[in-house]
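Observations on chain architecture
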Amino acid sequence: MIGHIAIIDDYFLTGWIQRMDPPCFDDIRCAFDSIRNRGRKKRVKPEGFCVRFRRMSRDVIYTSEIHSNGFVFDDKVASVFADMIGRSVPGYGQTLQMVELLAHQFAQAESNLYDLGCSLGAATMALSRGSAGKDCRVIGIDNSPAMVERCKGMLKDEPVEILCQDILDTAIENASVVVLNFVLQFIEREERLQLLKKIQQGLRPGGVLIISEKIAFVDEAESRRQIELHEAFKRAQGYSELEISRKRSALENVLVPEPLDVHHHRLKQAGFSASNTWFQCFNFASMIAFK
Ligand SMILES: Nc1ncnc2c1ncn2[C@@H]1O[C@H](C[S@+](CC[C@H]([NH3+])C(=O)[O-])CC(=O)[O-])[C@@H](O)[C@H]1O
Ligand SMILES: O=C(O)C(=O)Cc1ccccc1
């Protein structure tokens with residue numbers, strides 16, 4: 001049920017919890033409680049679990065004035081990314097759980113599963129877990145060397161391949177599930193259709209593309225409302241007004257969101273037979289497209 005990222009209260013721990021059966025949230029909380037009781041530094045194995053954990057660094061990048069112009073996936077961002085995305089994207093954890101469920105549903109035996117723009121490999125892990133036992137190749141790809149290096153470390157015991165590559169150059173073949181989890185938004189708009197066509201062509205019959213995005217709204221008042229709600233979410237997650245506004249400026253022209261109907265229309269143009277939106281929270285949404 002849960003992948004490898006567990007955020008318990010304000011402990012900011014990243015952990016891998018492996019057991020024969022998928023653990024539920026209460027099991028994990030129990031495991032962490034038992035760790036807490038014995039002192040935070042001590043590595044213990046609560047009964048029935050194999051828990052490996054490292055402290056997840058808190059994202060304080062935009063608390064200081066000194067940060068790069070624009071937004072780049074450099075080592076600074078990679079080192080706090082798990083915390084950053086968890087506190088910035090409403091429903092991110094839920095999305096990962098559903099990627100695992102969808103992989104379980106759609107992964108075909110002896111096919112390839114791709115996580116394009118894998119960052120630290122959270123969705124790669126979900127693909128791996130969801131397709132366990134089907135003899136699939138799970139491939140995570142990212143063009144940020146800092147992300148790839150950390151991702152390889154995080155997933156070193158998982159049967160996945162992690163490549164440092166531009167996803168525009170990646171060959172997609174024999175695929176049953178492809179994931180673009182909050183990645184298309186960073187690709188130049190003119191390149192997006194071509195990328196989706198390539199994915200559609202690399203999918204087997206019955207294959208799916210799972211795509212999550214920050215979305216835009218055509219109606220100005222609606223757009224304002226959704227952005228305000230997203231920013232209220234970020235405030236509730238502990239980001240200050242200054243951090244929120246600095247990151248907003250950094251993301252301008254780097255993360256370019258589009259309305260949901262633009263996405264669905266483009267998926268059709270790329271050759272997908274159908275698509276739908278299976279999750280939305282404020283200006284973040286997840287879709288699935290069927291070959
Ligand atoms: N052309 C490109 N080629 C390869 N990678 C790219 C490219 N452009 C951007 N990236 C990579 O796409 C990732 C986007 S983050 C994905 C989260 C992850 N999917 C997750 O489920 O945790 C989303 C976010 O930061 O909002 C970064 O690691 C970039 O290096
Ligand atoms: O933080 C934001 O405002 C976002 O839109 C989400 C996000 C999350 C991680 C990196 C870049 C953008």
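Parameters and conventions
- Residues numbered from 1 in each chain as written.
- Chains lettered and ligands numbered in written order.
- Predicted model: local features only at pLDDT ≥ 70, side-chain atom pairs only at ≥ 80, totals over all residues.
- Heavy atoms only, no water.
- UniProt positions renumbered as here; feature names shortened; annotations may be inferred.
- Phe/Tyr/Trp six-rings, centres within 6.5 Å; stacked < 30°, edge-to-face > 60°.
- Helix = DSSP H or I, 4+ residues; strand = E, 2+ residues; numbered from the N terminus.
- Buried < 20%, exposed > 50% of the residue type's maximum accessible area, 1.4 Å probe, protein only.
- Near = heavy atom within 4 Å.
- Polar contact = N/O pair within 3.5 Å; in protein donor to acceptor, adjacent residues only side chain to side chain.
- Areas by Shrake-Rupley, 256 points an atom, 1.4 Å probe, with all protein chains shown as cover.
- Nonpolar A, V, L, I, M, F, W, Y, C, P; charged D, E, K, R; others polar.
- Salt bridge = Lys/Arg side-chain N within 4 Å of Asp/Glu carboxyl O.

An unreviewed UniProt entry annotates the protein as Carboxy-S-adenosyl-L-methionine synthase originating from Mariprofundus aestuarium. Quoted verbatim from the Subunit (unreviewed entry) field of UniProt, the annotation for the protein is "Homodimer." Here the protein is described in UniProt, under the heading Catalytic activity (unreviewed entry), as follows: "prephenate + S-adenosyl-L-methionine = carboxy-S-adenosyl-L-methionine + 3-phenylpyruvate + H2O".

Another point: the packing of aromatic side chains. A full pass over the atoms with the stated rule returns seven aromatic pairs. Geometrically, the ring pair formed by F182 and F284 is edge-to-face, given 6.1 Å between the ring centres and 65 degrees between the ring planes. Taken as a pair, F182 in the loop between β6 (175-181) and α6 (189-202) and F284 in strand β9 (residues 284-290) lie far apart in primary sequence, 102 residues in all. Each member of the pair, F182 together with F284, is buried.

Neighbouring residues of ligand 2: F71, M84, S88, V89, K214, H230, K234, K247, L251, L255 and F284. In the environment of ligand 2, an oxygen atom lies 2.7 Å from a nitrogen or oxygen atom belonging to the side chain of K247. Contact with the protein chains covers 95% of the free accessible surface of ligand 2, which is 320 Å². Listed by contribution, the elements that provide at least two residues to the shell around ligand 2 are α2 (75-88), α7 (220-236) and α8 (241-251). Here the residues of the shell around ligand 2 sort into six nonpolar, two polar and three charged.

Here we take up the pattern of salt bridges. In total, this model carries nine salt bridges according to the counting rule given. Salt-bridge contacts for R137 lead to E161; the nearest nitrogen and oxygen are separated by 2.9 Å. Taken as a pair, R137 in strand β4 (residues 137-142) and E161 in strand β5 (residues 160-164) lie far apart in primary sequence, 24 residues in all. Owing to a relative accessible area of 42%, R137 belongs among the partly exposed residues under this scheme. E161 gets classed as partly exposed once you look at its relative accessible area, which sits at 30%. The closest approach of N and O atoms between R235 and E241, which form a salt bridge, is 3.0 Å. Residues joined by salt bridges that share partners form a network here, namely R192, E258 and R266.

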